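# Inside the fold
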Amino acid sequence: MSINVQFFASLREHTGKSQLSLSYDTALDVRAVWARATDDMELPDNTLCAINMEYVKTDAAVIDGDEVAFFPPVTGG
């Protein structure tokens with residue numbers, strides 16, 4: 001099975017990657033996707049996560065063909 005992973009803004013710089021394809025053969029949640037895609041880097045606090053352009057929590061299940069995206073928190077003022 002395969003999913004697409006994308007990193008945006010400062011997370012792209014933090015990981016050194018903008019996107020990748022990740023193959024897997026056991027069930028994954030978003031936190032496990034982060035761990036595999038970043039060689040077990042710690043997930044920064046308040047990172048926003050999305051599956052197929054819908055915001056989700058890190059324990060959301062991922063299925064074959066999904067796109068998982070990671071965004072730094074947005075601040076404004």
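For the structure given in this document, a descriptive report is provided here. Not measured: the values here are computed from a predicted model. (Residues numbered from 1 in each chain as written. Predicted model: local features only at pLDDT ≥ 70, side-chain atom pairs only at ≥ 80, totals over all residues. Heavy atoms only, no water.)

## Digging into the overall build of the protein
The number of helices and strands found in the protein is two helices and seven strands. For the protein, the N- to C-terminal ordering of α and β elements is β-α-β-β-α-β-β-β-β. Within the protein, the fraction of its 77 residues that count as buried is 34%. Of all intrachain contacts in the protein linking residues separated by at least 6 positions in sequence, the fraction that spans at least 24 positions is 50%. Averaged over its 5 positive side-chain charges, the protein has a centre that lies 3 Å from the centre of its 12 negative ones. (Helix = DSSP H or I, 4+ residues; strand = E, 2+ residues; numbered from the N terminus. Buried < 20%, exposed > 50% of the residue type's maximum accessible area, 1.4 Å probe, protein only. Contact = heavy atoms within 4.5 Å. Lys, Arg positive; Asp, Glu negative; His and termini not counted. Charge placed at Lys NZ, Arg CZ, Asp CG, Glu CD.)

## Observations concerning the nonpolar core
With 18 residues, the main nonpolar core has Ile-3, Val-5, Val-30, Val-33, Val-68 and Phe-70 as its most contacted residues. Secondary structure elements with two or more residues in this core: strand S1 (2-7), helix H2 (30-37), strand S4 (48-51) and strand S7 (67-71). The greatest single-element share of this core, amounting to four residues, is contributed by H2. Excluding anything up to four places from it in sequence, Val-68 contacts Ile-3, Asn-4, Val-5, Gln-6, Val-30, Val-33, Ala-50, Ile-51 and Val-62. (Core = buried A, V, L, I, M, F, W, Y, C linked by side-chain atoms within 4.5 Å.)

## Concerning the side chain of Gln-6
As for its position among the elements, Gln-6 is in strand S1. We classify Gln-6 as buried; its relative accessible area is 18%. Dropping the residues within four chain positions of it, Gln-6 is found in contact with Ser-18, Gln-19, Glu-67, Val-68, Ala-69 and Phe-70.

## Digging into the packing of aromatic side chains
Each aromatic ring pair is summarised here by two numbers: the centre-to-centre distance and the angle between the ring planes. Using the criterion set out here, one finds five aromatic pairs in the structure. Between the aromatic rings of Phe-7 and Trp-34, the centroid separation amounts to 5.7 Å while the plane-to-plane angle is 75 degrees, which identifies the pairing as edge-to-face. Remark: Trp-34 occurs in helix H2 and Phe-7 occurs in strand S1; sequence separation between them is 27 residues. Per residue, the accessibility class of Phe-7 equals that of Trp-34, and both read buried. For the ring pair Phe-7 and Phe-70, a centre distance of 5.7 Å and an interplane angle of 15 degrees mean the geometry is stacked. Taken together, the positions of Phe-7 in strand S1 and Phe-70 in strand S7 put the pair 63 residues apart, joining distant regions of the chain. Given the relative accessible area of 0%, Phe-70 is considered buried. Through a chain of ring-to-ring contacts, three or more aromatic side chains come together here, namely Phe-7, Trp-34 and Phe-70. (Phe/Tyr/Trp six-rings, centres within 6.5 Å; stacked < 30°, edge-to-face > 60°.)

## Re H2
Counting along an α-helix, one turn takes 3.6 residues, and residues three or four places apart therefore face a common direction. Every buried residue of H2 is accounted for by Val-30, Val-33, Trp-34 and Ala-37. On an axial view of H2, the arc spanned by its buried residues comes to 100 degrees, and they lie on one face. (Arc of directions from axis to C-beta.)

## Let's talk about unusual backbone geometry
Its identity as a non-glycine residue notwithstanding, Asp-40 has a phi of 70 degrees, on the positive side. Tracing the chain through its elements places Asp-40 in the loop between H2 and S4.

Geometric descriptors of this kind do not, in isolation, establish any biological role.
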